[in-house]
Amino acid sequence: QLAEHSAPEILHADLRSLALQMLNFGVNSLSELDWLAPPPAAAFDQAIDLLNALGAVDDTGQLTAHGKSMARLPTHPRLAHMLIQSNDWGLSHQASQIAAILSERAPGQGHDIAPLLVFLAQSDACPKALSGWRNRILKQTQAFMALLPTPTQPDRKKTDPQKKSQAQEKNK
């Protein structure tokens, strides 16, 4: 026998994006909003823990500058974090492609994104059946790129351990 009503989706939904947007709008607690069906407190706490691990939330539960930047990106917080961090390494285009692929998987391509990256780079390598998917991913990549701040250029000798050790060897 079927249930008269299905369980509200929020009871088993991923709350990470919701938590980030709530904090972005100044809502720090589930009790501050009226819910038809409130989300589980434990799931919301787990979402806050992830945001804290990503540097989006400080130890007092307040959104950081990084978290505000993440909230401006229309994607999962993990992907938003990756996109923002990619700027420091000059890899924003590659990260935008990966975020676009992960946001909309190609039909029937399994879990390996390497061939999908080839399809993006070489239109003749892309099967005709995936040409619509390829066009959507290219548009999404450009949309992510447009939302990212101008990449910073860190001193690679300080931030890249391999370059740092090479520079130290050179100076000896």
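Up top is the structure.
Residues numbered from 1 in each chain as written. Predicted model: local features only at pLDDT ≥ 70, side-chain atom pairs only at ≥ 80, totals over all residues. Heavy atoms only, no water.

### Here's the deal with the overall build of the chain
Stage number 1. For the chain, the count of helices and strands is nine helices and zero strands.
Stage number 2. Reading the helices (α) and strands (β) of the chain from amino to carboxyl end gives α-α-α-α-α-α-α-α-α.
Stage number 3. In the chain, which comprises 172 residues, the proportion classed as buried is 30%.
Stage number 4. When contacts within the chain are restricted to residue pairs at least 6 apart in sequence, long-range pairs at least 24 apart make up 52% of them.
Stage number 5. Accessible surface computed for the chain: about 11100 Å², of which carbon and sulfur atoms make up 54%. (Helix = DSSP H or I, 4+ residues; strand = E, 2+ residues; numbered from the N terminus. Buried < 20%, exposed > 50% of the residue type's maximum accessible area, 1.4 Å probe, protein only. Contact = heavy atoms within 4.5 Å. Areas by Shrake-Rupley, 256 points an atom, 1.4 Å probe, with all protein chains shown as cover.)

### Details of the environment of Asp88
Stage number 1. Mapped onto the elements of the fold, Asp88 is located in helix α4 (residues 77-88).
Stage number 2. Along the backbone, Asp88 and Thr150 are 62 residues apart, and their C-alpha atoms lie at a distance of 9.8 Å.

### Focus on the pattern of salt bridges
Stage number 1. Inspection of every chain in the model, using the stated rule, returns two salt bridges.
Stage number 2. Here Arg16 makes a salt bridge to Asp14, at a shortest N to O gap of 3.2 Å.
Stage number 3. Judged by relative accessible area, Arg16 falls into the partly exposed class, the value being 25%.
Stage number 4. Take Asp14: its relative accessible area is 44%, and that puts it in the partly exposed class.
Stage number 5. Note that Glu104 and Arg136 form a salt bridge whose closest N and O atoms lie 2.5 Å from each other. (Salt bridge = Lys/Arg side-chain N within 4 Å of Asp/Glu carboxyl O.)

### Focus: the nonpolar core
One recurring pattern in soluble globular proteins is that nonpolar side chains are buried together.
Stage number 1. Residues Leu20, Leu51, Met70, Leu83 and Trp133 are the most contacted members of the largest nonpolar core, which totals 37 residues.
Stage number 2. Broken down by secondary-structure element, the contributors of at least two residues to this core are α1 (16-24), α2 (41-53), α3 (65-71), α4, α5 (92-103), α6 (114-121) and α7 (131-147).
Stage number 3. When residues no more than four places from it in sequence are discounted, the contact partners of Leu51 are Arg16, Ala19, Leu20, Leu23, Ala56, Val57, Met70 and Pro77. (Core = buried A, V, L, I, M, F, W, Y, C linked by side-chain atoms within 4.5 Å.)

### Let's talk about the packing of α5 against α7
Stage number 1. For the pair α5 and α7, the least separation of the axes is 8 Å and the interaxial angle reads 130°. Classified by the angle their axes make, α5 and α7 are oblique. The handedness of the crossing between α5 and α7 is right-handed. Where α5 abuts α7, its residues Ser92, His93, Ser96, Gln97, Ala99, Ala100, Ile101 and Ser103 lie against Trp133, Ile137, Gln140, Thr141, Gln142, Phe144 and Met145.
Stage number 2. For the contact of α5 with α7, a count of residues per class yields seven nonpolar, eight polar and no charged. (Axes fitted to C-alpha atoms, helices over the stretch in contact; angles between N-to-C directions. Parallel < 35°, antiparallel > 145°, perpendicular 65-115°, else oblique. Left-handed = near helix turned anticlockwise from the far one by under 90°. Nonpolar A, V, L, I, M, F, W, Y, C, P; charged D, E, K, R; others polar.)

### Concerning the packing of α4 against α5
Two quantities define a packed helix pair, namely the angle between the axes and the distance from one axis to the other.
Stage number 1. With their axes 8 Å apart at the nearest point, α4 and α5 run at an angle of 170° to one another. As summarised for this structure, α4 and α5 are arranged roughly antiparallel, according to the angle between their axes. Seen from above, α4 lies across α5 with left-handed handedness. Where α4 abuts α5, its residues Leu79, Met82, Leu83, Ser86 and Asn87 lie against Ser92, Ala95, Ser96, Ile98, Ala99, Leu102 and Ser103.
Stage number 2. In terms of residue class, the contact of α4 with α5 is made up of seven nonpolar, five polar and no charged.

### Structural notes on α1
Stage number 1. Within α1, the full set of buried residues consists of Ala19, Leu20, Met22 and Leu23. Seen along its axis, α1 keeps its buried residues to an arc of 160°; they face one direction.
Stage number 2. At its buried positions, α1 is contacted by α2, α3 and α4.
Stage number 3. Looking one or two residues past α1, Gly26 carries a phi angle of roughly 85°, positive in sign. (Arc of directions from axis to C-beta.)

Any functional reading would require information beyond the geometric quantities listed.
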